[in-house]
Amino acid sequence: MKNQDLPFQIGGHYENWEFDLEVLDVERIKGYDSYIYIREIVFLGAIPRYVELIFSWDILEAVILVFSFNNSSEVNNFKKSLDGLKIQNLKYKSNNQLITLMYGRIEILKSILK
């Protein structure tokens, strides 16, 4: 999955981000390693409050980004930006002023969304 709009490229190697990651104690998906990305990033003009990278054998398989917005107008503008992207296997769900965005290998996303 290549898309220049994405902050992390699926299939990338752990070593690309190893000094910016903290391991999660909880295994979200059995057999996969989850890490919190600790550096600040900007995606579509917004800064996520939570970034999780999921690896298998040191290969990035999925990314979870959680955004918090101040009002519904900001949420709607962000959703419009997302809808304008042509990214395969991009999923998001919205809960009031919180948007959780996920992308990666489809079988991994299915496991996360259960």
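Above this text is the structure in question.
To keep things clear, this report deals only with the structure shown in the data block. Here the structure is a predicted model, which is why all the values come from computation and not from measurement.

### A look at unusual backbone geometry
Here is step 1: In this structure, W57 takes a positive phi of about 50 degrees despite not being glycine.
Here is step 2: Inspection of the secondary structure puts W57 in the loop between β3 (50-56) and β4 (59-68).
Here is step 3: Taking the relative accessible area as the measure of exposure, W57 reaches 81% and is therefore exposed.

### Notes on helix α2 (residues 106-113)
Here is step 1: Where α2 is concerned, the buried positions are I108, L109 and I112. For α2, the arc enclosing every buried residue in end-on projection is 100 degrees, short of the 170-degree limit, so these residues lie on one face.
Here is step 2: The elements touched by buried residues of α2 are β3, β4, β5 (90-95) and β6 (98-104).

### Focus: the pattern of salt bridges
Here is step 1: This structure, assessed with the given rule, holds three salt bridges.
Here is step 2: Notably, a salt bridge pairs E52 with R28, separated by 2.7 Å at the nearest N-O pair. You can see E52 sitting in strand β3 and its partner R28 sitting in the loop between β1 (21-23) and β2 (33-37), a full 24 residues away along the chain.
Here is step 3: Assessed through its relative accessible area of 0%, E52 is described here as buried.
Here is step 4: Residue class for R28 comes out partly exposed when judged on its relative accessible area of 41%.
Here is step 5: Among the ionic pairs, E61 bridges to R105, the shortest N-O distance being 2.7 Å. With E61 in strand β4 and R105 in the loop between β6 and α2, this residue pair connects regions lying 44 residues apart in the sequence.
Here is step 6: For E61, a relative accessible area of 11% puts it in the buried group.
Here is step 7: R105 sits in the partly exposed class, given a relative accessible area of 30%.

### Describing the nonpolar core
Here is step 1: Grouped together as the largest cluster of nonpolar side chains are 27 residues, with contacts concentrated most on F8, F43, L53 and L65.
Here is step 2: Those elements that place two or more of their residues in this core are β2, β3, β4, α1 (72-84) and β6.
Here is step 3: Take this core: its biggest share by element is four residues, from β4.
Here is step 4: The residues contacting L53, other than those within four sequence positions of it, are F8, W17, L21, D33, S34, Y35, Y37, L60, A62 and V63.

### Considerations on the side chain of D20
Here is step 1: Locating D20 in the fold gives a position in the segment before β1.
Here is step 2: Excluding residues within four positions of it along the chain, D20 makes contact with I36, Y37, I38 and R39.

### Some points on the pairing of β3
Here is step 1: Of all seven residues that make up β3, six are buried, and the element is covered over most of its length.
Here is step 2: Here β3 pairs with β4 via seven bridges, running antiparallel. Residue pairing across strands places E52 opposite I64, the latter belonging to β4.
Here is step 3: Here β3 hands over to β4 after two residues, with W57 in that stretch at a positive phi of 50 degrees.

Conventions we followed
Residues numbered from 1 in each chain as written. Predicted model: local features only at pLDDT ≥ 70, side-chain atom pairs only at ≥ 80, totals over all residues. Heavy atoms only, no water. Helix = DSSP H or I, 4+ residues; strand = E, 2+ residues; numbered from the N terminus. Buried < 20%, exposed > 50% of the residue type's maximum accessible area, 1.4 Å probe, protein only. Arc of directions from axis to C-beta. Contact = heavy atoms within 4.5 Å. Salt bridge = Lys/Arg side-chain N within 4 Å of Asp/Glu carboxyl O. Core = buried A, V, L, I, M, F, W, Y, C linked by side-chain atoms within 4.5 Å. Pairing = 2+ DSSP bridges.

Purely spatial values, then, with no claim about function.
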